[in-house]
Amino acid sequence: MADKPMNDSLLRAARGEVTDRVPVWVMRQAGRYLPEFREERKKSDFFTICRTPELACKVTKQPLDRFELDAAIIFSDILVIPQALGMVVEMVPGKGPVLPEPLEDPDHLERLTKDVDVQKELGYVFDAISLTKSTIENKIPIYGFCGGPWTIMSYMTEGGGTKMFSKSKGWLYAHPAASKDLLEKITEVSIPYLVGQVRAGAQILQVFESWAGELHPEAFNTFLLPYVSRIATEVKARCEAEGLTPVPMVIFAKGAHYALEALAQTAYDVIQVDWTIDPAVARQRVGPHKTLQGNLDPCILYADDATIRSEVQKMLTGFGTQRYIANLGHGMHPSHDPAKLKVFIDSVHAVSESINASK
């Protein structure tokens, strides 16, 4: 059950309740910028860590031992969904994820597993969540997550990361019906996968549409919005039907600023934004009934401490200190100094406490 953690400030912010200070966590807070994570990677490959609950728990906990974070996010990867659908995904050093047999045409949809047993294929994630929640003694909430259907489809058709999106976007325009079939398949696995994470103990969920900004508005409305919207609506309905404690849900459609108003009409409680939009503008566009999450440019963490504090001050002034969860606009870089992340986290807490005290 998604019971109340000792520090529930992030969950309160997600629900729109008053907080004494702004809660903060960061994308990829468990990752290669930490020397202890690099040591773990010398012993085990990436997906072995993901699939071994004890190792996933260990690396999830690493940043919590260093920083005063207000949430954990389970160590996993968005590409476990293609794996569950029967595709091979490899994490190649220096290159990132590679799918050696991508979907090249609609006939290749027949390769995908038709009725995915989510518990069998992805139960290791559920076990990792339960173990982590017990290990950290429910001190802070745990994020569960999945990739958005369009982003997952991009990897499945491109065969890995890309800058051009020629194959994935080519699918949308050359094979629109088959594209919708594929997006539907991904959605139908994602929904029980997220519900399973709540059942295992996740107290907040995030859907990462990392490549949303590659779509123009009409394509966004056709090939992205209906599927992420369905995920939020059905996950909440299924959790309620099972008697699970309702959990907030977050959507991050990176780069799709044109869609903020549309996203604000979905069942998501929180909308994450990246660093390319002014916080005050984002606040105005989503309205008063949604919480925002974001959006410091990760590269600011290469600056000196005083600059980081100054940028945090500007960010908090723009977003305000209520209905807000501080984060970066994307993930930590492997070359980041952990000490700079500490400055960011501590500054969010100190500056927001100061702002609230002055009111």
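In this report, we go over the structure that sits alongside the text.

The rules we used
- Residues numbered from 1 in each chain as written.
- Predicted model: local features only at pLDDT ≥ 70, side-chain atom pairs only at ≥ 80, totals over all residues.
- Heavy atoms only, no water.
- Axes fitted to C-alpha atoms, helices over the stretch in contact; angles between N-to-C directions.
- Helix = DSSP H or I, 4+ residues; strand = E, 2+ residues; numbered from the N terminus.
- Contact = heavy atoms within 4.5 Å.
- Nonpolar A, V, L, I, M, F, W, Y, C, P; charged D, E, K, R; others polar.
- Salt bridge = Lys/Arg side-chain N within 4 Å of Asp/Glu carboxyl O.
- Buried < 20%, exposed > 50% of the residue type's maximum accessible area, 1.4 Å probe, protein only.
- Core = buried A, V, L, I, M, F, W, Y, C linked by side-chain atoms within 4.5 Å.
- Pairing = 2+ DSSP bridges.
- Phe/Tyr/Trp six-rings, centres within 6.5 Å; stacked < 30°, edge-to-face > 60°.

1. Some words on the packing of helix α8 (residues 166–174) against helix α9 (residues 176–200)
At a minimum axis separation of 5 Å, α8 and α9 run at an interaxial angle of 120°. Contact residues: W171, L172, Y173 and A174 in α8; P176, A178 and S179 in α9. In the contact of α8 with α9, the residues fall into six nonpolar, one polar and no charged.

2. Observations regarding unusual backbone geometry
Omega for the peptide link from G294 to N295 comes to -10°, which places this bond in the cis form. Relative to the elements of secondary structure, N295 occurs in strand β8 (residues 291–296). Non-glycine residue R28 carries a positive phi angle of around 60°. Along the chain, R28 turns up in the loop between α1 (9–15) and α2 (35–43). For F165, which is not glycine, the phi dihedral falls at a positive 60°. For F165, the location among the structural elements is in the loop between α7 (149–158) and α8.

3. Observations concerning the pattern of salt bridges
All chains considered together, the criterion is met by 22 salt bridges. Its salt-bridge partner being R21, residue E353 comes within 3.3 Å of it at the nearest N-O pair. With a gap of 332 residues between them, E353 in helix α15 (residues 338–357) and R21 in the loop between α1 and α2 connect regions that are remote in the sequence. A salt bridge links K236 to D269; the nearest nitrogen and oxygen atoms lie 2.8 Å apart. With K236 in helix α11 (residues 225–242) and D269 in the loop between α12 (260–263) and β7 (270–272), this residue pair connects regions lying 33 residues apart in the sequence. Overall, the relative accessible area of 28% leaves K236 in the partly exposed class. Put simply, E184, E188, R230, E234 and R238 are held in one network by salt bridges that share partners.

4. Considering the nonpolar core
Counting 131 residues, the largest nonpolar core has W25, M156, F220 and F344 as the members making the most contacts within it. With residues up to four places along the chain from it excluded, the contact list for W25 reads L10, L69, A71, I73, Y143, Q206, F208, Q293, I325, A326 and N327.

5. So, the pairing of strand β6 (residues 249–253)
The buried count for β6 comes to five of five residues, which makes it a mostly enclosed element. Side chains M249, I251 and A253 project from β6 onto one buried face, and the interleaved V250 and F252 project onto a second face that is buried too. Inspection of the sheet shows strand β5 (residues 204–209) paired to β6 by five bridges, in the parallel sense. Looking at β6, one finds that L205 is bridged to M249.

6. Details of α7
Burial analysis of α7 places ten of its ten residues in the buried class, which makes it a mostly covered element. If you check which residues of α7 are buried, you get P149, W150, T151, I152, M153, S154, Y155, M156, T157 and E158. Directly after α7, the chain includes G159, whose backbone phi takes a positive value near 85°.

7. Comments concerning the packing of aromatic side chains
A full pass over the atoms with the stated rule returns ten aromatic pairs. Between F37 and F75, the aromatic rings sit 5.5 Å apart at their centres with planes inclined by 50°, giving tilted as the arrangement. With a gap of 38 residues between them, F37 in helix α2 and F75 in the loop between β1 (72–73) and α5 (80–84) connect regions that are remote in the sequence. Note on accessibility: F37 and F75 belong to one class, buried. Put simply, the rings of F37, F46, F47 and F75 pair up and form one aromatic cluster.

8. Remarks on the sheet that holds strand β4 (residues 142–147)
Reading across the sheet, the seven strands line up as β1-β4-β5-β6-β7-β8-β9 and stay open at both edges, with parallel pairing between neighbours. Edge positions in the sheet fall to β1 and β9 (324–328), since each has one partner strand and no second.

Remember that the coordinates give geometry; whether it matters functionally is a separate question.
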